Amino acid sequence: MPEQVTKPDVLRWEGSLFCGLDLSLTGTGVCVLDSAGAPVAWATVGSKLKRSSSVREKVQRLIDIASCIMDVVGEYDPAPRVAIEGYAFAAPGAQNDLGELHGVVKSQLWLGLAVEPEIIPPTQARKVVIGNGRAKKNDVQAWLQGRAIRCSNHNEADAYVVAECLRTRHVDKGEPDG
């Protein structure tokens, strides 16, 4: 299973952490932000399978993705607040398989870390963070690059936007940090 997890050399954070997940079978993006909005961890995991792949291969892919997420989120004590980008209902694709991934990740977060993720629709996250709910993936990456925020791909960019939307919700409410 191809997996990439990168972190800055020095983790500059204190207080609350916020994790955004862009769940995808071929490239799940993970981003953890500190309370000021600076990325402290990135990850991308997933793989392409043929439609004819065995059930075992498909289940293993779900386990690999959930395991990567649990490794990143579980590294922090206490665990970060987590938000998952909601379904893009108009998007074509294997919606049943994606639904399975959502269920596996949500159950692992709850069972393994007692984390109940928030679900944030992609249009809402993009509207809150970059001001355009209908922004395309390339627009999101360009917006991040314009702010010197470096991520590896559009999956991580979407995960950043979800994490930043979550952070904004909680920081703007004046909730205690930590």
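Preceding block: the structure.
Residues numbered from 1 in each chain as written. Predicted model: local features only at pLDDT ≥ 70, side-chain atom pairs only at ≥ 80, totals over all residues. Heavy atoms only, no water.

A. Layout of the overall build of the chain. Scanning the chain for helices and strands turns up 5 helices and 6 strands. The helix and strand sequence of the chain, counted from the amino end, reads β-β-β-β-α-β-α-β-α-α-α. When the 178 residues of the chain are sorted by exposure, 46% land in the buried category. For the chain, long-range pairs separated by at least 24 residues make up 66% of all intrachain contacts whose partners lie at least 6 apart in sequence. Within the structure as shown, the chain displays about 9400 Å² of accessible surface, and the carbon and sulfur contribution to it stands at 50%. (Helix = DSSP H or I, 4+ residues; strand = E, 2+ residues; numbered from the N terminus. Buried < 20%, exposed > 50% of the residue type's maximum accessible area, 1.4 Å probe, protein only. Contact = heavy atoms within 4.5 Å. Areas by Shrake-Rupley, 256 points an atom, 1.4 Å probe, with all protein chains shown as cover.)

B. The side chain of histidine 102, seen in detail. Take histidine 102: it is sitting in helix 2 (residues 95-113). Since its relative accessible area comes to 3%, histidine 102 is described here as buried.

C. Structural view of the pattern of salt bridges. Enumeration according to the criterion identifies 4 salt bridges in this entry. We note a salt bridge from aspartate 158 to arginine 126, for which the minimum N-O separation is 3.0 Å. A residue pair is termed long-range when its members are at least 10 positions apart, and aspartate 158 in helix 5 (residues 154-172) and arginine 126 in helix 3 (residues 122-130) qualify at 32 residues. On the basis of relative accessible area, aspartate 158 is assigned to the buried category, the value being 2%. Judged by relative accessible area, arginine 126 falls into the buried class, the value being 11%. A salt bridge links arginine 167 to glutamate 164, with the nearest nitrogen and oxygen atoms 2.8 Å apart. (Salt bridge = Lys/Arg side-chain N within 4 Å of Asp/Glu carboxyl O.)

D. View of the packing of helix 3 against helix 4 (residues 137-146). In the contact formed by helix 3 and helix 4, the axes pass within 12 Å of each other and the chain directions differ by 30°. Looking at the two axes, helix 3 sits roughly parallel to helix 4. Relative to helix 4, helix 3 is oriented so that their crossing is left-handed. Contacts between helix 3 and helix 4 involve Arg126, Val129 and Ile130 from the first element and Lys137, Val140 and Trp143 from the second. Residue classes in the contact of helix 3 with helix 4 are distributed as 4 nonpolar, no polar and 2 charged. (Axes fitted to C-alpha atoms, helices over the stretch in contact; angles between N-to-C directions. Parallel < 35°, antiparallel > 145°, perpendicular 65-115°, else oblique. Left-handed = near helix turned anticlockwise from the far one by under 90°. Nonpolar A, V, L, I, M, F, W, Y, C, P; charged D, E, K, R; others polar.)

E. Inspection of unusual backbone geometry at higher detail. Looking along the chain, the bond that leaves aspartate 77 and enters proline 78 is cis, with omega of 0°. Phi is positive for alanine 114, close to 55°, though the residue is something other than glycine. Within the fold, alanine 114 resides in the loop between helix 2 and strand 6 (118-120). Given a relative accessible area of 56%, alanine 114 falls into the exposed group. The phi torsion at alanine 148 lies on the positive side, around 60°, for a residue other than glycine. Residue class for alanine 148 comes out exposed when judged on its relative accessible area of 58%.

F. Structural context of helix 2. With 19 residues, helix 2 should reach 27 Å at 1.5 Å per residue; the first-to-last C-alpha distance of 26 Å fits that figure. Among the residues of helix 2, those classed as buried are Leu98, Leu101, His102, Val105 and Leu109. Taken around the axis of helix 2, the buried residues stretch over an arc of 100°, which confines them to a single face. With respect to the buried face of helix 2, the exposed residues turned more than 90 degrees away are Asn96 and Leu111. Where the residues of helix 2 are buried, they touch strand 2 (18-22), strand 3 (28-33), helix 1 (55-73) and strand 5 (81-85). (Expected span 1.5 Å × (residues − 1). Arc of directions from axis to C-beta.)

G. Highlighting the state of the cysteines. For the coordinates displayed, the defined rule picks out 0 disulfides. Lacking any disulfide linkage, cysteine 19 is separated from the closest cysteine sulfur, that of cysteine 31, by 7.5 Å. Cysteine 68 takes part in no disulfide bond, and the closest cysteine sulfur to it belongs to cysteine 19, at a distance of 9.9 Å. Cysteine 68 sits in the buried class, given a relative accessible area of 2%. (Disulfide = S-S within 2.5 Å.)

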